[in-house]
Amino acid sequence: MASCTAHPETPAAASCSVCKKAGCDPCLPYDVDGAVACEACAALVDDRGRALGSAMLAFVAVGYLATLAIGYLVFRARPFVGGLAAVVAIALGRLLQVYVRAPTVTRRPDARRPG
């Protein structure tokens, strides 16, 4: 049986799903999409997920502005252009949410603090 990477005297409960290092329960306090993870890897995945969310928001904003510009040129600045651009941006945002999902990082309720 493998031992914990941080605590060699303790048997490993599992391996981190991200870095694959063996760890005891206190060393693997997080779940990343349902798989155990160490604190460093969970923080890294969480940061990447937040960056992905920011990028998606920026993409939707650019989509809104592009639709607004195209609508302005095609429809000669009629009143419905702003509403059309908003509908397109909302649809683009929903499509991104369906097809591009950020990983879920949660603290395991049974995880004990290393001590």
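Conventions used here
- Residues numbered from 1 in each chain as written.
- Predicted model: local features only at pLDDT ≥ 70, side-chain atom pairs only at ≥ 80, totals over all residues.
- Heavy atoms only, no water.
- Helix = DSSP H or I, 4+ residues; strand = E, 2+ residues; numbered from the N terminus.
- Pairing = 2+ DSSP bridges.
- Axes fitted to C-alpha atoms, helices over the stretch in contact; angles between N-to-C directions.
- Contact = heavy atoms within 4.5 Å.
- Expected span 1.5 Å × (residues − 1).
- Buried < 20%, exposed > 50% of the residue type's maximum accessible area, 1.4 Å probe, protein only.
- Phe/Tyr/Trp six-rings, centres within 6.5 Å; stacked < 30°, edge-to-face > 60°.
- Lys NZ or Arg CZ within 6 Å of the ring centre and 35° of its normal.

Undergrad: Help me understand unusual backbone geometry in this model?
TA: Peptide bonds are, in most cases, trans, and in most cases residues other than glycine have a negative phi. Even without being glycine, Arg76 reaches a positive phi, approximately 55 degrees. Inspection of the secondary structure assignment puts Arg76 in the loop between α1 (39-75) and α2 (81-99). Although it is not a glycine, Ala77 sits at a positive phi angle of roughly 60 degrees. Residue placement: Ala77 occurs in the loop between α1 and α2.

Undergrad: I would appreciate a short explanation of the sheet that holds strand β5 (residues 105-107) in the present structure.
TA: Adjacent strands of a sheet pair through backbone hydrogen bonds, lying either parallel or antiparallel. The strand order across the open sheet formed by three strands is β4-β3-β5, and the pairing between neighbours is antiparallel. In this open sheet, the two edge strands, each paired with only one partner strand, are β4 (35-37) and β5. When strand polarity is set aside, the average angle formed by the axes of neighbouring strands in this sheet is 35 degrees. Here strand β3 (residues 30-32) pairs with β5 via three bridges, running antiparallel.

Undergrad: Help me understand the side chain of Thr67, please; the structure alone is not making it clear to me.
TA: Note that Thr67 resides in helix α1. If near-sequence neighbours (up to four positions away) are discounted, Thr67 is found in contact with Leu84, Ala85 and Val88.

Undergrad: Teacher, can you tell me more about α1 here?
TA: Side chains that are three or four residues apart share a direction in an α-helix, a result of its 3.6 residues per turn. Over its 37 residues, α1 extends 53 Å from the first C-alpha to the last, a length consistent with the 54 Å expected when each residue adds 1.5 Å. Among the residues making up α1, those that are buried are Cys41, Ala42, Val45, Gly49, Met56, Val60, Gly63, Thr67 and Gly71.

Undergrad: It is not clear to me how the environment of Val74 should be interpreted in this structure. Could you clarify?
TA: Locating Val74 in the fold gives a position in helix α1. Given the relative accessible area of 52%, Val74 is considered exposed. Sequence spacing of Val74 and Tyr99 is 25 residues, and the spatial spacing of their C-alpha atoms is 30 Å.

Undergrad: Honestly, the packing of aromatic side chains in this entry has me stumped. Any pointers?
TA: Remark: the centre distance and the inter-plane angle together describe each pair of aromatic rings, the angle taken between the planes. The final tally for this structure, using the stated rule, is one aromatic pair. Seen in terms of ring centroids, Phe75 and Phe80 are 5.1 Å apart; in terms of plane orientation they differ by 65 degrees. Their pairing is edge-to-face. With a relative accessible area of 41%, Phe80 lands in the partly exposed category. Directly above the ring of Tyr30 sits Arg107, whose terminal nitrogen or CZ lies 5.3 Å from the centroid.

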